[in-house]
Amino acid sequence: MSLWPRLIVQREKIAYNAAHVVSLCRQWNIGVYGVAKGACANEDIVRIMVENGCEGIADSRIENLYRLRKEMCLPVPIMMLRPPMMSEIPEVVELCDSSVVSMIETIQAIDAECSLQKKRHNVLLMIDLGDLREGIWPDELEQIASVLKKCRYIDCLGVGVNFGCFGGVLPSRKKLETLGSLKKKLEEYLECSVPLCSGGATSSLFLLDDGTMPSCVNSLRIGEAILLGTDSSGGKTFPYLRRNTIFLEAEVIEVKRKPSVPLGTIAADAFGDIPVFVDKGVRLRALAAIGKQDARIDALLPCDKGIEILGASSDHMVLDVEECDRKLCVGDKIRFSVKYGALLALTTSPYVSIHVTE
Ligand SMILES: *Cc1c(COP(=O)(O)O)cnc(C)c1O
């Protein structure tokens, strides 16, 4: 594989974030599941999460879960973080200790598969408190509990909730107190206690900062805060976490002066969008060997002052470098800081290598 484009992962910063998030949560009696999907379950990053106190690792893709289980021999439980597809239940039961669930059919299929594989499986019942992605509606609780009670091979881990992913709904003390009371109700229906009240993801950390996290919450599933020290959905920052943990480097393949407006009739670009141009005259521009196939371009930010991303096609990025202090040449590398949306695709692209610093 070619060396560039490549991601530079700064081990110390991610380790710092993981340790800090874990110790902050511990002060509130909250355990942390490290969420690996943002970095496509990169082995170094997963190990950093485990070494710094994450009590489990979660991911939503079978291929990642396969590597977590078969290649990494992790000393912590592995969770399937998306309600499993019916078509992947055999792999989920084989590879994972637990799954999130929201459908009766899925729960029953997991139980049947466990019976075949002679295994037990834990489920975390997701409850939709308004974000409108996965989860049961609270009035389904009694019916689902009666199904869980009949399962012979399934243990209920507890209840979980997700925020800020589809509806953009933010977590709040009130919503998490509701989750806590639903956990109690579930325990009454099941006539046994369940361990976890899993109160969300990175965006729920703010309730620790302002002291409004209700005591019923005892687990969080954290990806972005550890990986990047940021929170895309809430848009707030964590002053106590390290940012700029991961950089992208792309190589310059052309540097030329060109007009800033295309010549000729403008129709749609390769993605069906009609581009808009501002005439700034002839400008010094660079092409970098990276594109939309590898990353969400608007989630990248050049580190050099005076470099602006003008756009990209599938495998070329066009940059205005007129005001860059550095004299750029073919073969030079340009650095970008990456947001979560870019990191997801970059770590998944087979064309992007990953270098972890010591
Ligand atoms: C992705 C995901 C998370 C982790 O979210 P971050 O914002 O990266 O912390 C947690 N829970 C579920 C269900 C997810 O899909």
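Since the structure is predicted, the reported quantities are computational estimates derived from the model, not experimental observations. (Residues numbered from 1 in each chain as written. Predicted model: local features only at pLDDT ≥ 70, side-chain atom pairs only at ≥ 80, totals over all residues. Heavy atoms only, no water.)

Participant: Now, about helix α10 (residues 340-348): what can you tell me, with residues and values included?
Facilitator: Given 3.6 residues per turn, any residue in an α-helix points the same way as the ones three and four places further on. Within α10, the full set of buried residues consists of Tyr340, Ala342, Leu343, Leu346 and Thr347. Here the buried residues of α10 occupy an arc of 150 degrees about the axis, which is enough to place them on one side. (Buried < 20%, exposed > 50% of the residue type's maximum accessible area, 1.4 Å probe, protein only. Helix = DSSP H or I, 4+ residues; strand = E, 2+ residues; numbered from the N terminus. Arc of directions from axis to C-beta.)

Participant: Can you tell me about a nonpolar patch on the surface, naming the residues and giving the values?
Facilitator: A cluster of nonpolar residues, Leu132, Trp137 and Phe166, forms a patch on the protein surface that exposes about 370 Å² of accessible area. Tracing the backbone shows Leu132 in the loop between β6 (121-126) and α6 (141-150). (Patch = residues over 30% accessible without salt bridge, like charges linked within 9 Å, V, L, I, M, F, W, Y side chains within 5 Å. Areas by Shrake-Rupley, 256 points an atom, 1.4 Å probe, with all protein chains shown as cover. Salt bridge = Lys/Arg side-chain N within 4 Å of Asp/Glu carboxyl O.)

Participant: Outline the nonpolar core, listing residues and values.
Facilitator: Grouped together as the largest cluster of nonpolar side chains are 105 residues, with contacts concentrated most on Leu300, Met317, Val338 and Leu346. With seven residues, the top contributor of residues to this core is helix α1 (residues 11-27). In this structure, Leu346 is in contact with Leu7, Leu248, Ile290, Asp294, Ala295, Leu300, Val338 and Val352, ignoring residues within four places of it in sequence. Core analysis: the second largest hydrophobic core is formed by 10 residues, Tyr33, Ala58, Leu81 and Leu196 among them. (Core = buried A, V, L, I, M, F, W, Y, C linked by side-chain atoms within 4.5 Å. Contact = heavy atoms within 4.5 Å.)

Participant: Give a description of the pattern of salt bridges that names residues and reports values.
Facilitator: Any two side chains of opposite charge can pair if their charged atoms end up close together. Considering all chains together, one arrives at 20 salt bridges under this definition. Of the charged contacts, one joins Asp44 and Arg11 as a salt bridge, the two residues approaching to 3.8 Å between their closest N and O atoms. On the criterion of sequence distance, the pair formed by Asp44 in helix α2 (residues 43-51) and Arg11 in helix α1 is long-range, its members being 33 residues apart. Residue class for Asp44 comes out partly exposed when judged on its relative accessible area of 32%. Between Arg133 and Glu134 there is a salt bridge, with its nearest N and O atoms 2.8 Å apart. In this structure Arg133 comes out as partly exposed when scored by relative accessible area, which is 41%.

Participant: Summarise the packing of α1 against α2; cite the residues concerned and give the values.
Facilitator: Closest axis-to-axis distance for the α1/α2 pair is 9 Å, and the angle between their directions is 35 degrees. The way α1 lies across α2 gives a crossing that is right-handed. Contact with α1, carried on its side by Arg11, Ile14, Ala15 and Ala18, involves Asp44, Ile48 and Met49 of α2 and no other residues of that element. (Axes fitted to C-alpha atoms, helices over the stretch in contact; angles between N-to-C directions. Left-handed = near helix turned anticlockwise from the far one by under 90°.)

Participant: Tell me about the packing of aromatic side chains, and please be specific about residues and values.
Facilitator: Working definition: an aromatic ring pair is given by the centre-to-centre distance plus the angle between the planes. Taken as a whole and judged by the stated rule, the model has two aromatic pairs. Centre to centre, the rings of Phe206 and Phe238 are 4.6 Å apart; their planes meet at 10 degrees, and the pair counts as stacked. Here the residue Phe206 occupies a position in helix α8 (residues 206-209), and Phe238 occupies one in the loop between α9 (224-227) and β10 (246-259), the gap between them amounting to 32 residues. The pair formed by Phe206 and Phe238 is uniform in burial state, with each residue classed as buried. Summarising the aromatic geometry, the rings of Phe238 and Tyr240 are spaced 5.9 Å apart at their centres and angled 55 degrees between planes, so their arrangement reads as tilted. (Phe/Tyr/Trp six-rings, centres within 6.5 Å; stacked < 30°, edge-to-face > 60°.)

Everything listed is a geometric property; what it means functionally is a separate question.
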